[in-house]
Amino acid sequence: MSAAAGRDRNGAGQPVTLFISDLHLDGERPDITAQFLEFLEREARQAQGLYILGDLFEAWIGDDDPDPDKRRVIEALRSLTQAGVPVYFIHGNRDFLIGRRFAKETGVKLLPDGTMIELYGKRVLLMHGDTLCIDDPDYQRLRRIVRNPVVQFVLRCLSLARRQQLAARMRAGSKKHIESMDRTRPQIMDVNQDAVRRTFETEHADVIVHGHTHRPAIHDVSVGDHVAKRIVLGDWYEQGSVLRWSENGFELAGLRR
């Protein structure tokens, strides 16, 4: 699958900046991890930079997690940054506990949600995307709780075993909530269009890039007297998803598995 914005398709041979999100890496899906490791070793090695916009992992219970699959990912990211490719990370709703130890071990720079960058003459706002989904008040309430620094400090103080139990419960609760909303009110799982327009106006952005909704697409958004673009990255459940952006434009594409 490949989705591109017509004339915005990438030019061959141009230095490219890459954007990905929602890989949900987990030991139960080794095929996704294998594809990501290959992506880091091949395409990402040639990039000007790599931005990961959250939910890299299905669950992250703390930087002290000894899980061997996570360690492989950490080592691969360290290899990439040591090769001179800058990598940036914005927290998602599944890996909000990624911290300074992870950053030190990988060489990845942690960015706040809602980071503005200048890219090829455009003001580009980078987000995970969940703050735009304001029609789901239960999720937004939970987000405010788990993003509270005091709550995160308490979580990190718990034993590894206790954090594993809590993560399993949270994943089960999230799955149940998503399945329920998909059946009864699927529209609230997507972004709120008024929230999108307000964000464009407040941040004076030309482009918003985000993930979270698992609905890859490129949207035109009317903001005042001009048209902005909202680029939604896809998840990696069935295939990879990457936004490639060079001086010649951008391409949102699927990566075969």
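Residues numbered from 1 in each chain as written. Predicted model: local features only at pLDDT ≥ 70, side-chain atom pairs only at ≥ 80, totals over all residues. Heavy atoms only, no water.

Q: I'd like a rundown of a nonpolar patch on the surface, residues and numbers included.
A: Residues Leu-142, Ile-145 and Met-170 make up a contiguous nonpolar surface patch of roughly 260 Å² in combined accessible area. Here Met-170 is to be found in helix H6 (residues 160-184). On the accessibility criterion, Met-170 (37% relative accessible area) is partly exposed. (Patch = residues over 30% accessible without salt bridge, like charges linked within 9 Å, V, L, I, M, F, W, Y side chains within 5 Å. Areas by Shrake-Rupley, 256 points an atom, 1.4 Å probe, with all protein chains shown as cover. Salt bridge = Lys/Arg side-chain N within 4 Å of Asp/Glu carboxyl O. Helix = DSSP H or I, 4+ residues; strand = E, 2+ residues; numbered from the N terminus. Buried < 20%, exposed > 50% of the residue type's maximum accessible area, 1.4 Å probe, protein only.)

Q: How would you sum up the sheet that holds strand S10 (residues 226-232)? Please name residues and give values.
A: The sheet built from five strands is open, its strands ordered S6-S7-S8-S10-S9 with mixed pairing. The two strands at the open ends of the sheet, each matched to only one other strand, are strand S6 (115-119) and strand S9 (217-223). For this sheet the average axis-to-axis angle between neighbouring strands, irrespective of direction, equals 25°. Sheet strands touched by helix H7 (residues 193-203): S6, strand S7 (122-126), strand S8 (207-210), S9 and S10. Its angle to S9, the strand with the most contacts, is close to 65°. (Pairing = 2+ DSSP bridges. Axes fitted to C-alpha atoms, helices over the stretch in contact; angles between N-to-C directions. Contact = heavy atoms within 4.5 Å.)

Q: Give a detailed account of the packing of aromatic side chains, specifying residues and quantitative values.
A: Two aromatic rings are characterised by how far apart their centres lie and by the angle between their planes. Scanning all chains against the criterion turns up 10 aromatic pairs. Aromatic side chains Tyr-51 and Tyr-88 sit 4.5 Å apart centroid to centroid with 20° between the ring planes, which places their arrangement in the stacked category. A residue pair is termed long-range when its members are at least 10 positions apart, and Tyr-51 in strand S3 (residues 49-52) and Tyr-88 in strand S4 (residues 87-90) qualify at 37 residues. Tyr-88 sits in the partly exposed class, given a relative accessible area of 22%. Centre to centre, the rings of Phe-89 and Phe-102 are 6.4 Å apart; their planes meet at 55°, and the pair counts as tilted. Note that Phe-89 is positioned in strand S4 and Phe-102 in helix H3 (residues 100-106), a separation of 13 residues in sequence. Of the two residues, Phe-89 and Phe-102, both sit in the buried class. (Phe/Tyr/Trp six-rings, centres within 6.5 Å; stacked < 30°, edge-to-face > 60°.)

Q: Before we move on, could you go through the nonpolar core and cite the residues and values that matter?
A: Of all hydrophobic cores here, the largest spans 36 residues; its most connected members are Ile-20, Phe-36, Phe-39, Leu-40, Leu-50, Leu-56 and Leu-77. Those residues in contact with Leu-40 that sit more than four places away from it in its chain are Arg-45, Leu-50, Ala-76, Leu-77 and Leu-80. Leu-233, Trp-245, Phe-250 and Leu-252 belong to the second largest nonpolar core, which has 17 residues in total. (Core = buried A, V, L, I, M, F, W, Y, C linked by side-chain atoms within 4.5 Å.)

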